[in-house]
Amino acid sequence: MFDEKVTALLNEQINKEFYSAYLYLNMSNYFERRGLDGFANWYRIQAQEERDHAMLFYQYMQNNDLVVTLDAIAKPDKVFNCDMDVFQAGLAHEQFVTASINTIYAAAYEVHDFRTMQMLDWFVKEQGEEETNARDLISKYELFGSDAKGLYMLNQELAARVYSAPSLVL
Ligand code: MG
């Protein structure tokens, strides 16, 4: 039997991951308007990964015969006045998601829900990578972003990012 609190947190996480996708799509939108297609590509793929995360939680609940309730996805209402605003918001958001995953983990741990803990292990690792990526963007932009040639090269680098499906198979 699944714990009520764990179930509710898993269900909330579906919404949080879809919101993440929406947030990153809005960041992609910001860079499209800036004419930085490489940055826009990077955030569009990021949005795609977040949809995958949402679907993994959805699938996990379905696999365990848990009732999924889909809620409204909040409007991404952050205003970006400069590129750095986007990178900072990305890092802050990933730290928020890490805390959220940790909360589910702690709840599962409390009731000895080892199955959920094992599934979440992938997300714990993933969040470490997401935070690293967000920090890398900040430091690269600090180093190269203020110079036109550097920005061009950075845009080219981010243009090369390609989508790959999540390695977690449920
Ligand atoms: Mg995610």
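Look up a bit, the structure's there.
Structural notes, computed from the coordinates. (Residues numbered from 1 in each chain as written. Predicted model: local features only at pLDDT ≥ 70, side-chain atom pairs only at ≥ 80, totals over all residues. Heavy atoms only, no water.)

Observations regarding the side chain of histidine 53
- Relative to the helices and strands, histidine 53 resides in helix 2 (residues 37–63).
- Classification of histidine 53 as buried rests on a relative accessible area of 2%.
- Within the structure, histidine 53 has its side chain in polar contact with the side chain of glutamate 50 (distance 3.0 Å). (Helix = DSSP H or I, 4+ residues; strand = E, 2+ residues; numbered from the N terminus. Buried < 20%, exposed > 50% of the residue type's maximum accessible area, 1.4 Å probe, protein only. Polar contact = N/O pair within 3.5 Å; in protein donor to acceptor, adjacent residues only side chain to side chain.)

Thoughts on the nonpolar core
- With 25 residues, the main nonpolar core has Met27, Phe31, Phe39, Tyr43, Val86, Phe87 and Tyr141 as its most contacted residues.
- For this core, the secondary-structure elements that each account for two or more residues are helix 1 (4–34), helix 2, helix 3 (83–110), helix 4 (114–144) and helix 5 (148–159).
- Sorting elements by how many residues they give to this core places helix 1 first, with six residues.
- Contacts of tyrosine 43, omitting those with residues within four sequence positions, involve Tyr24, Met27, Ser28, Phe31, Val86, Phe87 and Leu137.
- In this structure, Phe57, Leu120, Trp122 and Leu168 belong to the second largest nonpolar core, which totals 21 residues. (Core = buried A, V, L, I, M, F, W, Y, C linked by side-chain atoms within 4.5 Å. Contact = heavy atoms within 4.5 Å.)

Comments concerning the packing of aromatic side chains
- Per the stated rule, a full pass over the model turns up 12 aromatic pairs.
- Here tyrosine 24 and tyrosine 43 contribute two aromatic rings whose centre-to-centre distance is 6.0 Å and whose plane-to-plane angle is 20°, an arrangement assigned as stacked. Pair noted here: tyrosine 24 is in helix 1 and tyrosine 43 is in helix 2, with a separation of 19 residues, a long-range link. This pair shows no difference in class: tyrosine 24 is buried, exactly as tyrosine 43 is.
- When the ring of phenylalanine 31 is compared with that of tyrosine 43, the centres are 5.7 Å apart and the planes differ by 10°; the resulting orientation is stacked. Pair noted here: phenylalanine 31 is in helix 1 and tyrosine 43 is in helix 2, with a separation of 12 residues, a long-range link. Pair check on accessibility: phenylalanine 31 and tyrosine 43 agree, each one buried.
- A network of ring pairs unites the aromatic residues Tyr24, Tyr30, Phe31, Phe39, Trp42, Tyr43, Phe80, Phe87 and Tyr141 as a single cluster.
- One cation-aromatic arrangement involves arginine 161 over tryptophan 42; the distance from NZ or CZ to the ring centre is 4.5 Å. (Phe/Tyr/Trp six-rings, centres within 6.5 Å; stacked < 30°, edge-to-face > 60°. Lys NZ or Arg CZ within 6 Å of the ring centre and 35° of its normal.)

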